[in-house]
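This is what each chain is made of:
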Amino acid sequence: MNKTEDEETGYEGTSDEQVTEATPEPPDVQMAPKASAELLEGQGWGCLTLADGGEAYSVPLSFGYDGDSTLYFQVQTDDDSDKMAYMDATTTATFLVPEVQPPEWSSVVVRGGVERVPDEEVEAAYSAFADNAWFPTCPWTADKDPTEVEFYKMEAEELTGRTSVAGQ
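Summary of the structure given here. (Residues numbered from 1 in each chain as written. Predicted model: local features only at pLDDT ≥ 70, side-chain atom pairs only at ≥ 80, totals over all residues. Heavy atoms only, no water.)

## Remarks on the pairing of strand β7 (residues 93–101)
Basically, it comes down to this: Following DSSP output, two strands are said to pair if at least two bridges run between them. The way it works is that DSSP assigns letters per residue, a run of H or I at least four long becomes a helix, a run of E at least two long becomes a strand, and they are numbered from the N terminus.
The pairing of strand β4 (residues 45–52) with β7 spans three bridges and is antiparallel. The partner of C47 across the bridge, within β7, is L96. Alignment of β7 against strand β8 (residues 104–112), held across nine bridges, turns out to be antiparallel. Of the residues in β8, the one forming a bridge with A93 is G112. Hairpin connection, β7 to β8: the antiparallel pair is bridged by two residues.

## Looking at the environment of V29
Tracing the sequence through the fold places V29 in strand β3 (residues 29–30). The spatial distance from the C-alpha of V29 to the C-alpha of G161 is 8.5 Å, given a sequence separation of 132 residues.

## Section: the side chain of S164
Put simply, the rule is: When accessible area is computed with a 1.4 Å probe and restricted to protein chains, residues below 20% of their type maximum are described as buried, those above 50% as exposed, and intermediate ones as partly exposed.
By the element assignment, S164 lies in the segment after β11 (158–163). For S164, a relative accessible area of 7% puts it in the buried group.

What follows is the structure, given as structure tokens:
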């Protein structure tokens, strides 16, 4: 094996090794609260992770953010679904909102309880949803009936952001 150095990356290794990344990833830093809020207001989708004991269940969801501490989700509900069983079993859920444009990335993690939106709060949910939610194409096919859709919310007990972009 011959020892080599890649002039662009400074990677030093053997000729049998493959360089997998052209530039080193910048270090990550804690995001300021304002930058975290801006990511939540601009992204519109993320991944909700629920748990039942030692089993985890994640589902990508569109969301609306009220700009303060509440995320609203439109959830397709079905009494027999895994999603609803995990939703019922979860005390504290985690919602991850990523934004990746290599080599830069940012992410916000929100932790809190998830509950059905009460009738008196539905207008607030619609308003937050209209401001920044992403509406995916409906997955129903001709051989499958649509499920019910209800609003759920997560009150942020903890909200943290990290980024590879310094100064955020």
